[in-house]
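Structural features, examined
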Amino acid sequence: MSADDFAHVRAWVFDLDNTLYHPSARLFDQIEARMTAYVVATLGVSPAEADRLRSQYWREHGTTLAGLMREHDLDPLPYLEDVHDISMDHLVPDPELASHIRNLPGRRIVYTNGCAPYAERVLAARGLSGLFDAVYGVEHADFHPKPDQAAFDRVFGRDGIDTTIAAMFEDEPRNLAVPHAMGMKTVHVAETSNPADHIHYHTDDLTRFLAALSG
């Protein structure tokens, strides 16, 4: 990767979980536990069955929430509030990452399959508040989840992003397929690379990757 590869980019889209913080913070362990408990309480199934349904719905519908909405007509708002009511104690501010994000030319947004209030809490814990022009959650996509085309159409349409001059940073490989098809530069942020035609770049260190963009 060279900085020239991103010289045209004027819209920078970042996923949240396991992208703007390292997976070692294990926030999703907390979220998944709350998801399981919510499914148990709502559907009246065992914890083992709840875990099975979570996995199935994630595979088939993009997120557990999407599956619950489509299969069980679940009200999404109480669910989102409940499952994201977690501790941020494992997150620490990252001034270096903040500096590199601040220096990116153009518009900077966060787009997560979680909800926007949760995203704001994560950003605050990471010392990244105030760096982004907008923060979008699944509620801004009318509860369509990434990787659905409809999700990206709604969020990018709402924001007015020109995808031909945009880049997407994301830890989940399948969520980069639509951005790639829309003409965006795609960056997979994860410990392990997952080579695919729709992934332009991989990094296991977002801070270092963004530092390289500045020259």
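Right, let's walk through the structure included here. (Residues numbered from 1 in each chain as written. Predicted model: local features only at pLDDT ≥ 70, side-chain atom pairs only at ≥ 80, totals over all residues. Heavy atoms only, no water.)

Turning our eyes to something else, we now look at the layout of surface pockets. Over the atoms, a rolling probe the size of a water molecule traces out where space has been left empty. Roughly 630 Å³ of volume is contained in the largest pocket. Every residue lining the largest pocket is counted, 29 residues in all, and those nearest its centre are Asp17, Phe28, Trp58, Thr63 and Asn113. Those elements that place two or more of their residues in the lining of the largest pocket are α1 (27–43), α2 (47–61), α3 (64–72) and α4 (76–83). The biggest single contributor to the lining of the largest pocket is α1, with four residues. Its residues placed into classes, the lining of the largest pocket shows 11 nonpolar, nine polar and nine charged. For the second largest pocket, the calculated volume is near 190 Å³. Thr19, Tyr21, His22, Asp204 and Leu206 are, among the 16 residues lining the second largest pocket, the residues nearest its centre. (1 Å grid on protein atoms, 1.4 Å probe; cavity = no way out; pocket = protein on both sides within 12 Å on 5 of 7 lines; lining within 4 Å. Points joined across faces, edges and corners; volume = space filled by probe spheres on them. Helix = DSSP H or I, 4+ residues; strand = E, 2+ residues; numbered from the N terminus. Nonpolar A, V, L, I, M, F, W, Y, C, P; charged D, E, K, R; others polar.)

A few words now on the pairing of strand β2 (residues 107–111). Buried residues dominate β2, accounting for four of its five residues. Pairing geometry for strand β1 (residues 11–14) and β2, over four bridges, is parallel. Residue pairing in the sheet places Trp12 in a bridge with Arg108 of β2. Pairing of β2 with strand β3 (residues 134–136), which is carried by three bridges, proceeds in the parallel orientation. Directly across from Ile109, in β3, lies its bridge partner Ala134. (Buried < 20%, exposed > 50% of the residue type's maximum accessible area, 1.4 Å probe, protein only. Pairing = 2+ DSSP bridges.)

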